Amino acid sequence: MHEWALGEAIISTVSKIAKIRKLRKVEKVEIRVGELQQIEMDVFKYAISQLKGKKFEKTKFNIKTVKTKLKCKFCNYEWVFKRGKLKEKESEFIHFIPEIAHSYLKCPKCGSPDFEIVEGRGVWIESIKGKR
Amino acid sequence: MIDPRREIINENLKNIKNIIAISSGKGGVGKSVIASTLALLLAKNKKVGLLDLDFTSPSTHVILGVNNVFPEEKNGLIPPKIFNLEYMSIIFYSSNKVSPLRGKEISNALIELLAITKWNTLDLLLIDMPPGISDATLDIMRLVKKIKFIIVTTSSLLSFETVRKLIDLLKSQKMPIIGIIENMKNGKSFIEKRVKEKGISYLGWIPFDPELEKWIGKVEKLLNTSFAKKLGKISEKLI
């Protein structure tokens, strides 16, 4: 349940930013999850619901998945990540550390492992809305 | 866009008394052997962890002969225990395949690993760093509040030239440097004098040990080498 650690990161960050922005009430947090990390959405949502505590009881945590765009540094080909032929173990390893994809994925056009994760890597916060 | 992972790194490290990066300006000076052996020596009577942050060329798993262990997943990743020390490396996830990573990806992998690894209460966490002063070094300086450095050099002018730059960087950023270990010393050397001129502690020297290579991966034998014995003397000064 490594989603729990990511949930902890979300709650700590929201807490810190609310303090910096002097938000009395945090109404909405937009969270994005890149497909590459293959987060177990139910587990992630459960972790956030358990970790948010009284402070964010009424905060709406919106979670959306984002497709992962990859771009080959060698031939410039761009493609969208699909689990495809990845073995279960390989998929699980990418789930823990998305950059490990460089050990298991190659550019579908030229076969290079030198690609860039342009978008949709892991978990990030898109926005935090609240009232002062 | 806000990266939430940075926020819990120091929370994950809060129960670790000392965090020491074993660094150098150059590769091939013995950082990984020193980090691994030091971790083994200190783990005899302290709670010690070893983290391999050399993502593209990890080697501590070879030195320790790591086999058949894997981190447990429990609200994050729990490092497995080997030879009485908690051990974490990217090698568990790369299946020993090549991991060709550029700077941004090294940074991201490093942040991810620090954000999801749940260490127990430790007296000391040793970090085996990649050589040089690029992403991993800059990230550790930026992200790990308690970080201190031990720098490894050989007696070579080429090695010390890069170490000098690392010292200058760390000093300019007010990063604590515990001291310098001179490794593979062979005859007379100028290192101690130059280190002291820079106001840095010279922790000691280790002679070149031709037997060491034979015992890579064989921990009990490794700890009986003259290399380990000399490092043991140096370790008494550390914590």
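Here we summarise the structure given alongside this text. (Residues numbered from 1 in each chain as written. Chains lettered and ligands numbered in written order. Predicted model: local features only at pLDDT ≥ 70, side-chain atom pairs only at ≥ 80, totals over all residues. Heavy atoms only, no water.)

**Brief notes about the sheet that holds strand E7 (residues 122-128) of chain B**
Residue and element names in this part refer to chain B. So the rule is basically this: Two strands are counted as paired when DSSP detects at least two bridges linking them. Think of it this way: any DSSP run of H or I at least four residues long counts as a helix, any run of E at least two long counts as a strand, and we number them from the N terminus. The contact rule is simple, with two residues in contact once any of their heavy atoms fall within 4.5 Å. Every axis corresponds to a line fitted to the C-alpha atoms, with the helix fit spanning only the stretch in contact, and the corresponding angles, defined between N-to-C directions, vary from 0 to 180 degrees.
If you trace the eight strands from one edge of the open sheet to the other, you get E5-E6-E2-E7-E1-E8-E9-E10, paired in mixed fashion. Edge positions in the sheet fall to strand E5 (81-82) and strand E10 (202-207), since each of these pairs with one other strand and no more. Two strands pair when backbone bridges link them, and strand E9 (residues 177-185) and E10 are joined in this way by four bridges, in the parallel orientation. Each bridged residue has a counterpart across the sheet, and for Ile181 the counterpart in E10 is Gly204. Where helix H2 (residues 31-42) meets the sheet, its contacts fall on strand E1 (16-23), strand E2 (48-52), strand E6 (85-89), E7, strand E8 (147-153), E9 and E10, and the angle it forms with E7 comes to roughly 165°. Lying over the sheet, helix H7 (residues 157-172) contacts E1, E8 and E9, oriented at roughly 165° with respect to E8.

**What about the interface of chain B and chain A?**
Just so we agree on the cut-off: Accessible surface is computed with a 1.4 Å probe, and the buried area is the amount of it that two parts give up when combined, taken over both parts together. The rule for a salt bridge is simple: a side-chain nitrogen of Lys or Arg has to be within 4 Å of a carboxyl oxygen of Asp or Glu.
Across the contact, 31 residues belong to chain B and 37 residues belong to chain A. Between chain B and chain A, roughly 3000 Å² of surface is buried when both sides are summed, and carbon and sulfur atoms account for 61% of that area. On the surface where chain B and chain A come into contact, there are six salt bridges. The salt bridge involving A:Glu116 is made with B:Lys104; its shortest N-O contact spans 3.6 Å.

**Structural notes on the pattern of salt bridges**
To keep things clear, this is the line we draw: Any residue under 20% of the maximum accessible area for its type is buried, any over 50% is exposed, and the rest in between are partly exposed; the area is computed with a 1.4 Å probe on protein chains only.
A full pass over the atoms with the stated rule returns 25 salt bridges over all chains. A salt bridge links B:Arg102 to A:Asp114; its shortest N-O distance comes to 2.7 Å. Here the residue B:Arg102 occupies a position in the loop between helix H4 (91-94) and helix H5 (103-116), and A:Asp114 occupies one in the loop between helix H4 (101-104) and strand E5 (115-119), the pair thus bridging two chains. Taking the relative accessible area as the measure of exposure, B:Arg102 reaches 40% and is therefore partly exposed. A network of salt bridges, in which partner residues are shared, links A:Glu99, A:Arg121, B:Asp3, B:Arg5 and B:Glu112.

**Points about the sheet that holds strand E6 (residues 123-131) of chain A**
Sheet strands pair via backbone hydrogen bonds, and the direction of the pair is either parallel or antiparallel. All names here are of chain A. Strands sit in the order E2-E1-E6 across an open sheet of three strands; the sheet is mixed. Of all the strands in the sheet, just strand E2 (60-66) and E6 have a single pairing partner and so form its edges. Neighbour-to-neighbour, the strand axes of this sheet turn through a mean angle of 15°, independent of strand direction. Direction of pairing for strand E1 (residues 25-34) relative to E6: antiparallel, over a ladder of eight bridges. Bridge assignment links Lys25 to a residue of E6, and that residue is Lys131. Together, E1, E2 and E6 form the strand contacts of helix H1 (residues 3-20), whose direction differs from that of E6 by roughly 35°. Helix H2 (residues 41-51) rests against E1, E2 and E6 of the sheet, and its axis sits at about 155° to E2.

**Comments concerning the packing of H5(B) against helix H6 (residues 135-143) of chain B**
All names here are of chain B. For clarity, the cut-off: For classification, angles of less than 35 degrees are called roughly parallel, those exceeding 145 degrees roughly antiparallel, those between 65 and 115 degrees roughly perpendicular, and all remaining angles oblique. The sense of a crossing depends on the near helix, which, turned anticlockwise from the far helix by less than a right angle, makes the crossing left-handed and, turned clockwise, makes it right-handed. Ten residue types, Ala, Val, Leu, Ile, Met, Phe, Trp, Tyr, Cys and Pro, are classed as nonpolar, four, Asp, Glu, Lys and Arg, as charged, and the remainder, Gly among them, as polar.
In the contact formed by H5 and H6, the axes pass within 9 Å of each other and the chain directions differ by 40°. What the angle tells us is that H5 and H6 run oblique. Handedness of the H5/H6 crossing: right-handed. Residue-level inspection shows Gly103, Ile106, Ser107, Leu110, Ile111 and Leu114 of H5 in contact with H6, the latter providing Asp135, Ala136, Asp139, Ile140, Arg142 and Leu143. Grouping the amino acids of the contact of H5 with H6 by side-chain chemistry returns seven nonpolar, two polar and three charged.

**A few points about unusual backbone geometry**
Despite not being glycine, A:Gln38 has its phi angle at roughly 45°, a positive value. Structurally, the position occupied by A:Gln38 is in the loop between E1 and H2. For B:Asn68, which is not glycine, the phi torsion reads 60° and is therefore positive. Of note, B:Asn68 is situated in the loop between helix H3 (60-64) and strand E3 (72-73). The exposure class of B:Asn68 is exposed, given its relative accessible area of 77%.

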